[in-house]
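Survey of secondary and tertiary structure
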Amino acid sequence: DAKTTQPPSMDCAEGRAANLPCNHSTISGNEYVYWYRQIHSQGPQYIIHGLKNNETNEMASLIITEDRKSSTLILPHATLRDTAVYYCLNTGTASKLTFGTGTRLQVTL
Amino acid sequence: GAGVSQSPRYKVAKRGQDVALRCDPISGHVSLFWYQQALGQGPEFLTYFQNEAQLDKSGLPSDRFFAERPEGSVSTLKIQRTQQEDSAVYLCASSRLQGQMEFFGPGTRLTVL
C-alpha cells in the first residue's frame, strides 16, 4: 500500500502557483520524498526529490516540513501543460517506487 | 535514443494467448523496473533488475508472468496464457544506479479480449 496521502484532485488557474500537499507521516529516516507526474497516455516523469531540506529545480520547488511528515510541491506558474496526475512517494535506497492514486491537477484558463 | 523505449505501444491479445513486451532502457542504466498500471490507478511494481540479475520479483502477480534481462540491457516481460485481468499499461523504467531517479518509458497498453 502507498505510504503517502494526497488529495484526489485540485484545480489551478493558469499563471498561478499550484501547491500540491502530501502527507507521509510514517516516513523513515533514510527515505526520500519523491514527486513524479503523469501526463495522459505517457509514463511518469520525475519532478524533484528531497530528504529534509527544501529543494528547487527548473520544474518545481519542494517544501518539506521540519518533522518530515508532510511536504508540498510548488509549481510557481502553472500552465495548461502542467495538467497531470501528481504522485508523491517515499522511497529508500531500494528505489522500488510505491505509487498511490495521486492528485489530479487540472490547470484552467 | 535519449529515453526509455517500449514496444509495442499497443497490444491486443485473445485470452489464452502469450505476449512479450520489450523495454529498451537508457544506455548504461544499471537498474531496470517493470510496473503494471490498471485504469485509474497508480503504477504498481512488478519486478526489478540490476544488470542481468533479477533482484526482486515480489510484484509479479502469478507464475504466468516472467521477466528477463539476459545481457543487462534490453528486457522482456512475458505473460503466458493471458487473462482479461492482465489488461493494463505495462511501464518500464530505468535508473543509472540503484536508488536514483527512475526514467519511465511510454508504456505498452495491453488489452486482453
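Now for a look at the structure at hand. Residue indices begin from 1 for each chain and proceed along its sequence in written order. In the order they appear in the text, chains get letters beginning with A and ligands get numbers beginning with 1. Where local features are concerned, this predicted model is filtered to residues with pLDDT of at least 70; where side-chain atom pairs are given and counted, the filter is 80 or more; whole-chain, interface and lining totals use all residues. Remark: hydrogens and water are excluded; side-chain values derive from all non-hydrogen atoms of the structure.

Before going further, it helps to spend a moment on the packing of aromatic side chains. By convention, a stacked pair of Phe, Tyr or Trp rings (six-membered ring in the case of Trp) has centres within 6.5 Å and planes under 30 degrees apart, an edge-to-face pair has planes over 60 apart, and any other such pair is tilted. According to the stated counting rule, one finds 14 aromatic pairs over all chains in the structure shown. A ring pair is formed by Y34(A) and Y46(A), whose centres lie 6.1 Å apart and whose planes are at 65 degrees; its orientation type is edge-to-face. On the criterion of sequence distance, the pair formed by Y34(A) in strand 3 (residues 32-38) and Y46(A) in strand 4 (residues 45-50) is long-range, its members being 12 residues apart. Look at Y34(A) and you get buried, because its relative accessible area is 4%. Aromatic pair F33(B) and Y48(B): ring centres 4.8 Å apart, planes at 20 degrees, arrangement stacked. Of this pair, F33(B) sits in strand 4 (residues 31-37) while Y48(B) sits in strand 5 (residues 44-50), and the two are 15 residues apart along the sequence. We count a stretch as a helix when DSSP gives it H or I for four or more residues in a row; a strand needs E for two or more, and each element gets its number in order from the N terminus. Only protein chains enter the accessibility calculation, which uses a 1.4 Å probe; a residue is then buried when its area is under 20% of its type maximum, exposed when over 50%, and partly exposed in between.

A few words now on the sheet that holds strand 1 (residues 5-7) of chain B. All names here are of chain B. We call two strands paired when DSSP finds no fewer than two bridges between them. Taken in spatial order, the 4 strands line up as 1-3-8-7 in an open sheet, and their pairing is antiparallel. What marks the edges here is a single partner per strand, and that holds for strand 1 and strand 7 (65-68). Each strand of the sheet is rotated relative to its neighbour by a mean of 15 degrees, with strand direction disregarded. Of the pairings in the sheet, the one linking strand 1 to strand 3 (residues 19-24) comprises 3 bridges and is antiparallel in character. Bridged to Q6 within strand 3 is C23. Think of each axis as a best-fit line through the C-alpha atoms, taken over the contacting stretch in the case of a helix, with angles from 0 to 180 degrees between the N-to-C directions.

This part covers the interface of chain A and chain B. Taken together, the contacts link 17 residues of chain A with 19 residues of chain B. By definition, the buried area sums, over both parts, the 1.4 Å-probe accessible area that each loses when the two are put together. Between chain A and chain B, roughly 1,400 Å² of surface is buried when both sides are summed, and carbon and sulfur atoms account for 53% of that area. Here, a salt bridge means any Lys or Arg side-chain nitrogen found within 4 Å of an Asp or Glu carboxyl oxygen. If you look at where chain A meets chain B, you find 0 salt bridges. In the analysis that follows, any N or O atom pair within 3.5 Å is treated as a polar contact, provided that within protein one partner can donate a hydrogen and the other can accept it, and provided that, for residues neighboring in sequence, both atoms belong to side chains. The tally of links between chain A and chain B comes to 4 residue pairs in polar contact (both at pLDDT 80 or more). The element best represented in the side of chain A that touches chain B is strand 3 of chain A, accounting for 3 residues. The class makeup of the residues in the side of chain A that touches chain B is 8 nonpolar, 8 polar and 1 charged. Contacts are residue-level and defined by heavy atoms, with any inter-residue pair within 4.5 Å sufficient. Amino acids are sorted into nonpolar (Ala, Val, Leu, Ile, Met, Phe, Trp, Tyr, Cys and Pro), charged (Asp, Glu, Lys and Arg) and polar (every other residue, Gly among them).

Below, the discussion takes up the pattern of salt bridges. Residues and elements named next belong to chain A. Evaluated as defined, the whole model comprises 5 salt bridges over all chains. Of the charged contacts in the structure, one is a salt bridge between E31 and K3, with a shortest N-O distance of 2.4 Å. Taken together, the residues E31 in the loop between strand 2 (18-23) and strand 3 and K3 in the segment before strand 1 (9-13) connect sequence positions 28 residues apart. Under the relative-accessibility criterion, K3 is labelled partly exposed at 35%.

Residues and elements named next belong to chain B. Tracing the sequence through the fold places Q6 in strand 1. A relative accessible area of 7% places Q6 in the buried class. Within polar-contact distance, the side chain of Q6 engages the backbone oxygen of Y90 at 2.9 Å. Polar contacts involving the side chain of Q6 include one to the main-chain amide nitrogen of G107, which spans 2.9 Å. Among residues more than four places away in sequence, those in contact with Q6 are R22, C23, W34, Y90, L91, C92, G105, P106, G107 and T108.

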